[in-house]
Amino acid sequence: MAILICGGAGYIGSHNVVNFINKGENVVVVDNLQSGHKEAVHPDAKFYEGDIRDAQILDKIFTENKIDAVIHFAADIVVSESVINPLKYFNNNVYGMQILLGAMVKHGIDKIIFSSTAAVYGEPERVPIFEDDRTAPNNPYGETKFMMEKIMKWVNLAHGIRYISLRYFNASGCIEDGSIGERHNPETHLIPLILQVPNGKRDHITIYGDDYPTPDGTCIRDYIHVMDLADAHYLALKYLRGGGESNIFNLGNGKGFSVKEMIVAAEKVTGQKIKTVIGKRRGGDSARLIASGEKARKILGWSPKFTDIEEIIRTAWNYHSKH
């Protein structure tokens, strides 16, 4: 048996491919390479270039391979872009989930682990955020991920496809050997953007708004290392294989850092001064997003290994300084 990783050539997907292979799993990857990189896919994984909105490629994959479960990372993820171009996000994310689940029903595959997001909560009513807190997305990206969760819920009831939805907070860092890392074009995530300054790729880092209701006026986020995310996906698969029911889990360290704090931490790691410029707020950004990860700890037995923000940034710098 094998697992299918949709979006396995992307940042989080490629790290999961490595982790699952290291755990002895047979891995099949499908990726349209819109934002992923084929060279980031582990050589022991079987690779198909294709889009999950194409039912024919899914039929081919499910016919040619004995797939036990699906891990779903294939989605557009940039909050600011989703505000400007919401139709792109509803097409790729929501319609993509519809086609994928339809193929799973057709081929009798009954387990899916989904890459969700803290953006489903919108502006939280309390911090830290728990899984049963109000869901009120304030951008199309978060709305599409929430809709994808709802689609899985109803397909589970109708067809018995059990799901785990993992609501990440801010994925960060890279595998410790620096062999693969975070590489978007254009880059939109904070840590690699900050590191482009000491890497000589940009003159400064723009801080989008310094008037949020936080101690230093900049947005606060909970950063979780990408390999800790990968461990959670593996534990989620074990949970479903053991007969566990559909469930939703937050994945975060439970501690938040502001944009300004992240820049200071990056200066310590790189030993270089990082120039900043204050810009206007971006649409769809929440002031503070911090997770409670207690449910994942209790039910999945998950515990993040990377809890120091400088250590997380150091793994990212190990990759970006070499590539």
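Residues numbered from 1 in each chain as written. Predicted model: local features only at pLDDT ≥ 70, side-chain atom pairs only at ≥ 80, totals over all residues. Heavy atoms only, no water.

> An account of the layout of surface pockets is needed here, citing residue identities and associated values.
Looking at the second largest pocket, its volume works out to about 160 Å³. Around the second largest pocket, the lining comprises 15 residues; the ones closest to its centre are Ala-40, Ile-180, Gly-181, Arg-183 and Tyr-319. Of the residues in the lining of the second largest pocket, the class split is five nonpolar, eight polar and two charged. (1 Å grid on protein atoms, 1.4 Å probe; cavity = no way out; pocket = protein on both sides within 12 Å on 5 of 7 lines; lining within 4 Å. Points joined across faces, edges and corners; volume = space filled by probe spheres on them. Nonpolar A, V, L, I, M, F, W, Y, C, P; charged D, E, K, R; others polar.)

> I'd like a description of helix H10 (residues 309-320), backed by residues and values.
An ideal rise of 1.5 Å per residue puts 16 Å on twelve residues; H10 measures up with 17 Å between its terminal C-alpha atoms. On the buried face of H10, the contacting elements are strand S7 (170-172), helix H6 (190-195), strand S9 (220-225), strand S11 (256-258) and helix H8 (259-270). For H10, the N-terminal capping position is held by Asp-308, with its side-chain oxygen 3.2 Å away from the main-chain nitrogen of Glu-310. (Helix = DSSP H or I, 4+ residues; strand = E, 2+ residues; numbered from the N terminus. Expected span 1.5 Å × (residues − 1). Contact = heavy atoms within 4.5 Å. Polar contact = N/O pair within 3.5 Å; in protein donor to acceptor, adjacent residues only side chain to side chain.)

> If you had to explain the environment of Ile-313 to someone new, which residues and values would you point to?
When you line up the elements, Ile-313 lands in helix H10. Of the residues examined, Ile-313 reaches a relative accessible area of 2% and is grouped as buried. Taking the C-alpha atoms as reference points, Ile-313 and His-225, 88 residues apart in sequence, are found 9.2 Å from one another. Here Ile-313 is in contact with Ile-191, Leu-195, Met-262, Ala-265, Ala-266 and Val-269, once residues within four sequence places are set aside. (Buried < 20%, exposed > 50% of the residue type's maximum accessible area, 1.4 Å probe, protein only.)

> Outline a negative patch on the surface, supporting the account with residue identities and numerical values.
There is a patch of like negative charges on the surface, built from Glu-176, Asp-177, Asp-308 and Glu-311. We classify Glu-311 as partly exposed; its relative accessible area is 31%. (Patch = residues over 30% accessible without salt bridge, like charges linked within 9 Å, V, L, I, M, F, W, Y side chains within 5 Å. Areas by Shrake-Rupley, 256 points an atom, 1.4 Å probe, with all protein chains shown as cover. Salt bridge = Lys/Arg side-chain N within 4 Å of Asp/Glu carboxyl O. Lys, Arg positive; Asp, Glu negative; His and termini not counted. Charge placed at Lys NZ, Arg CZ, Asp CG, Glu CD.)

Fair warning: the whole summary comes from geometry, so function is off the table for now.
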